[in-house]
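The primary structure of each chain is shown beneath.
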Amino acid sequence: MEHNNQTVKRKSQFAQVIERLLTNKGAVVGVSILLLIVIISLVGPLFCPYGYNEMILTDKFMAPCAKHLLGTDAYGRDIFTRLIYGARYSLLLGITGALAGMAVGIVLGLIDGYLGGMFDTVFMRFLDIWAAIPGQLLSIIIATALGPGFVNTIIALSIGEVPLVIRLLRGQILSVRKEDYLEAAHSINASPGRIMFKHILPNVISPVIVNTTMNIGAIITSAAALSYLGLGIKPPNPEWGAMLAAGKSYVGVYNWLVLYPGLCIAIVVLCVNLFGDGLRDAIDPKMKK
Amino acid sequence: MGRYVFNRLLWMIFILIGVAILIFTILYLVPGDVSTHFLGESATIEDRAAFNHKYGLDQPYLAQLGNFLYSLFLKGDFGTSFKYNTPVIEELLVRIPRTLFLGVSCIVVNALIGIPLGMMAALHQNKWQDTLCMVLALLFVSVPNFWLALEMVDLFAIRLGWFPPFGIDKTTSWVMPIIAGSMAGVAANARQTRSSMLEVIRADFITTARAKGVDEGIVVRRHMLPNALIPVVTGLGVGPSKSIAGNVVIERIFTIPGVGTYMLSGIDNYDYPIVRSSVVILAVFSSLVMLLVDIVYAIIDPRIKAQYSGKAKGK
């Protein structure tokens, strides 16, 4: 390839991914709906006639109607309002949970890949133990130990992700370890931190990003499940999973209590998954065929 | 092959000891005094001390841990429930078969529905069958299984009365939990089967087979499937551990008295011997299933088998 072409090509790498992503109908639809949900969850409360925790005891268990679009719950709280507020929890928990897991995994994975040798052997054995407890179970136990709350739930959710990220990264690092550019970096006396984050990381990160994006959906579901079990976000906070838990006793009687929160989770997870699949195809077009 | 299995089993024991230590430590770090919960705020200091002494809670961390590991792995003693004052193992033995049954059924459903779906999608790539299967798979991964469970209870149990809404009294009680528990797995299997089928579908040996005039059905069954299913089996390895251990929420919704609901009741009641033992048991199952899958994998993939039987030949 000619020399002057190279800078042009390098610039367009990110743009290429975006371009491919934009041609993917599913991803575009997914992102659009997600953006819409984000906007509604931010702006919506300004227009809501009710507070998310405002109890109108005369309006208990009202079916969806003009006054309460999606009905009310056992305390006469407006479901629609609560769902709008609840979107923040689900999106934030899903995204920060995935990012936290990715960040911890990246740091540990880089250290492991960089040090290698004895450290790697011992660390991998420890990881075997960590991964032997199925993720959801580990989340439940950690959430139990930490108690409910926003930050604690994020920790509980991300902990199950870490071993996967580390394994993924480790495999990638092993494949670039002998590359010339790393030897070059060593030879000019670059610090370990610089080598890890400036030289290794950019070359190994894309599968991790794809994996993390594709996990956000699962994390949102797990977050809702934790709250459902009473271990995540506690009522009266309008978290969707917690709303499901509150409505479960009325299944078959006041079915809107369960139908709409669940539908919200499903839609958000679906959109995130559409985006994740699109991103995977855009970053790695080989996989699509 | 025998040596491989033996080594894996040996390694599994170490992993399980590790799991036990990890779980014990996490639960040990839970803030708050367990005795307060059981004896109430008004309990005297003497009563609490007696409670803590009875269950060994007054000993230092390492002593408690040592005690726990010693009785768990050497005596097979899973401890005594704080709340019911009965040995945990008795309750576990009754519950284990139910959890196993649910988990194994889910795995079977995953494979029986997921693999054909994926095959159909791959064989009709880019046609409507493909789109349909992949849309279904996407829906199955996205819909939270516990919400689906609740909606199924609403529709099939309460409105239509086809299945009991909870419990395990009748055979039909299992239908809804199994459907809810296997959705995500069906989707994962369908996707994996599709992509690995697509990888072999254009392989040279398929062209060769067709060129020889081999019947298309035989091409699919004898030439494509065995090659395509190898990665699917690996994928199955991740699914089962989820099925066996991840049905905790499903168990709770349908009030199936399995290990999962037992663990959750332990969590609700601060009854940590129950929680610890349940997690260890669930980890045992998921490790065993993983091992089983790895063995199957080694059997069906001659390359892996060669690695272990002909020791250090090539390497």
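Up top is the structure.
The present account deals with the structure reproduced in this document.

Each value, and the rule that gives it
Residues numbered from 1 in each chain as written. Chains lettered and ligands numbered in written order. Predicted model: local features only at pLDDT ≥ 70, side-chain atom pairs only at ≥ 80, totals over all residues. Heavy atoms only, no water. Helix = DSSP H or I, 4+ residues; strand = E, 2+ residues; numbered from the N terminus. Buried < 20%, exposed > 50% of the residue type's maximum accessible area, 1.4 Å probe, protein only. Contact = heavy atoms within 4.5 Å. Areas by Shrake-Rupley, 256 points an atom, 1.4 Å probe, with all protein chains shown as cover. Lys, Arg positive; Asp, Glu negative; His and termini not counted. Charge placed at Lys NZ, Arg CZ, Asp CG, Glu CD. Buried area = accessible area lost by both parts, 1.4 Å probe. Salt bridge = Lys/Arg side-chain N within 4 Å of Asp/Glu carboxyl O. Polar contact = N/O pair within 3.5 Å; in protein donor to acceptor, adjacent residues only side chain to side chain. Nonpolar A, V, L, I, M, F, W, Y, C, P; charged D, E, K, R; others polar. Expected span 1.5 Å × (residues − 1). Arc of directions from axis to C-beta. Bend = angle between axes of the 7 residues up to and from the residue. Core = buried A, V, L, I, M, F, W, Y, C linked by side-chain atoms within 4.5 Å. 1 Å grid on protein atoms, 1.4 Å probe; cavity = no way out; pocket = protein on both sides within 12 Å on 5 of 7 lines; lining within 4 Å. Points joined across faces, edges and corners; volume = space filled by probe spheres on them. Axes fitted to C-alpha atoms, helices over the stretch in contact; angles between N-to-C directions. Left-handed = near helix turned anticlockwise from the far one by under 90°. Phe/Tyr/Trp six-rings, centres within 6.5 Å; stacked < 30°, edge-to-face > 60°. Lys NZ or Arg CZ within 6 Å of the ring centre and 35° of its normal.

In this section: the overall build of chain B. Summing up its helical and strand segments, chain B has 14 helices and zero strands in all. Mapped from its N terminus to its C terminus, chain B presents α and β elements in the order α-α-α-α-α-α-α-α-α-α-α-α-α-α. Reported as C-alpha extents along the three principal axes, the dimensions of chain B are approximately 85 × 60 × 30 Å. A buried classification covers 47% of the 315 residues belonging to chain B. Put simply, of all contacts in chain B between residues at least 6 apart along the chain, 71% involve residues at least 24 apart. For chain B, the exposed surface amounts to about 15,600 Å²; the carbon and sulfur share of it is 65%. Side-chain charges in chain B split into 26 positive and 21 negative, and the spacing between the mean points of these groups amounts to 13 Å.

Moving on: the overall build of chain A. Looking only at helices and strands, chain A has eleven helices and zero strands in total. Written out in order from the N terminus, the α and β elements of chain A read α-α-α-α-α-α-α-α-α-α-α. If one aligns the C-alpha atoms of chain A with their principal axes, the spans along those axes are about 75 × 45 × 35 Å. Across the 289 residues in chain A, those meeting the buried criterion constitute 48%. Considering only residue pairs separated by 6 or more positions, chain A has 70% of its internal contacts joining residues 24 or more positions apart. For chain A, the computed accessible surface area is about 13,900 Å², with 66% contributed by carbon and sulfur atoms.

Okay, the interface of chain A and chain B next. Interfaces are often described in size by the accessible area the parts lose on coming together. Across the boundary between the two partners, chain A contributes 38 residues, which contact 43 residues of chain B. Taken over both partners, the interface formed by chain A and chain B buries close to 3,400 Å², and the fraction arising from carbon and sulfur atoms is 77%. Linking chain A with chain B are one salt bridge. The partner of Arg191(B) in a salt bridge is Asp277(A), and the shortest N-O contact between them spans 2.8 Å. Across the contact surface, chain A and chain B share six residue pairs in polar contact (both at pLDDT 80 or more). Mapped onto the side of chain A that touches chain B, the elements with two or more residues apiece are helix H4 (117-132), helix H5 (135-146), helix H9 (192-228) and helix H11 (256-283) of chain A. Ranked by residues supplied to the side of chain A that touches chain B, first place goes to H11(A) with eleven residues. Tallied by class, residues from the side of chain A that touches chain B come to 26 nonpolar, seven polar and five charged.

Turning our attention to the environment of Ala228(B). Residues and elements named next belong to chain B. Looking at where Ala228 falls in the secondary structure, it is placed in helix H10 (residues 216-246). Put simply, Ala228 and Met197 are 31 residues apart on the chain and 5.0 Å apart in space, counted from C-alpha to C-alpha. When neighbours within four sequence positions are excluded, Ala228 is seen to be in contact with Ser196, Met197 and Val200.

Residues and elements named next belong to chain A. Relative to the 21 Å expected for 15 residues at 1.5 Å per residue, helix H7 (residues 162-176) spans 21 Å between its end C-alpha atoms, a close match to the ideal helical length. Those residues of H7 that fall on the buried side of the exposure criterion are Val162, Pro163, Val165, Ile166, Leu169, Ile173 and Val176. Angularly, the buried residues of H7 cover 150° about the axis, an arc narrow enough to put them on a single face. Its buried side turned inward, H7 meets helix H3 (79-115), H4, helix H6 (150-159), helix H8 (180-187) and H9.

What follows is about helix H7 (residues 145-159) of chain B. Its 15 residues place the ends of H7(B) 20 Å apart at the C-alpha level, agreeing with the 21 Å of an ideal helix rising 1.5 Å per residue. Approximately 30° is the largest bend angle found in H7(B), and it occurs at Met152(B). Buried within H7(B) we find Phe146(B), Trp147(B), Ala149(B), Leu150(B), Glu151(B), Met152(B), Val153(B), Asp154(B) and Ala157(B). Elements that come into contact with the buried residues of H7(B) comprise H9, helix H10 (240-247) and H11 of chain A together with helix H8 (175-201) and helix H11 (248-253) of chain B. Within two residues after H7(B), Gly161(B) carries a phi angle of roughly 70°, on the positive side.

Glancing now at the nonpolar core. Looking at soluble globular proteins, one finds that nonpolar side chains tend to be buried together. Counting 119 residues, the largest nonpolar core has Ile140(A), Tyr228(A), Phe254(B) and Met263(B) as the members making the most contacts within it. Broken down by element, the residue count for this core peaks at 13 residues, all from helix H13 (residues 272-300) of chain B. Apart from residues lying up to four places away in sequence, Tyr228(A) is in contact with Gly241(A), Ala242(A), Leu244(A), Ala245(A), Lys248(A), Phe146(B), Leu150(B), Val249(B) and Ile253(B).

So, about the layout of surface pockets. Residues and elements named next belong to chain B. By volume, the second largest pocket is sized at about 750 Å³. Considering the residues around the second largest pocket, the lining is formed by 31 residues, among which Tyr55, Leu57, Gln64, Phe82 and Arg276 are closest to the centre. Secondary structure elements with two or more residues in the lining of the second largest pocket: helix H1 (2-28), helix H2 (34-39), helix H3 (45-54), helix H4 (61-74) and H13. In terms of residues, the lining of the second largest pocket owes the most to one element, H4, which gives five residues. Among the residues making up the lining of the second largest pocket, the classes are represented as 15 nonpolar, eleven polar and five charged.

We now examine the packing of helix H5 (residues 88-123) of chain B against H8(B). Residue and element names in this part refer to chain B. At a closest axis distance of 6 Å, the pairing of H5 and H8 adopts a crossing angle of 35°. Crossing geometry of H5 relative to H8 is assigned as right-handed. By residue class, the composition of the contact of H5 with H8 is 18 nonpolar, nine polar and one charged.

Moving on, we come to the packing of aromatic side chains. Summed over the entire model, instances satisfying the criterion amount to 15 aromatic pairs over all chains. Here the aromatic rings of Phe24(B) and Phe68(B) are separated by 5.2 Å at their centres, their planes lie at 25°, and the arrangement is stacked. Taken together, the residues Phe24(B) in helix H1 and Phe68(B) in helix H4 connect sequence positions 44 residues apart. Phe68(B) shares its class with Phe24(B); the two are buried. The ring of Tyr228(A) has Lys248(A) lying over it, and the distance from NZ or CZ to the ring centre is 5.2 Å. The ring of Phe68(B) carries the charged tip of Arg276(B) above its face, separated from the ring centre by 4.9 Å.

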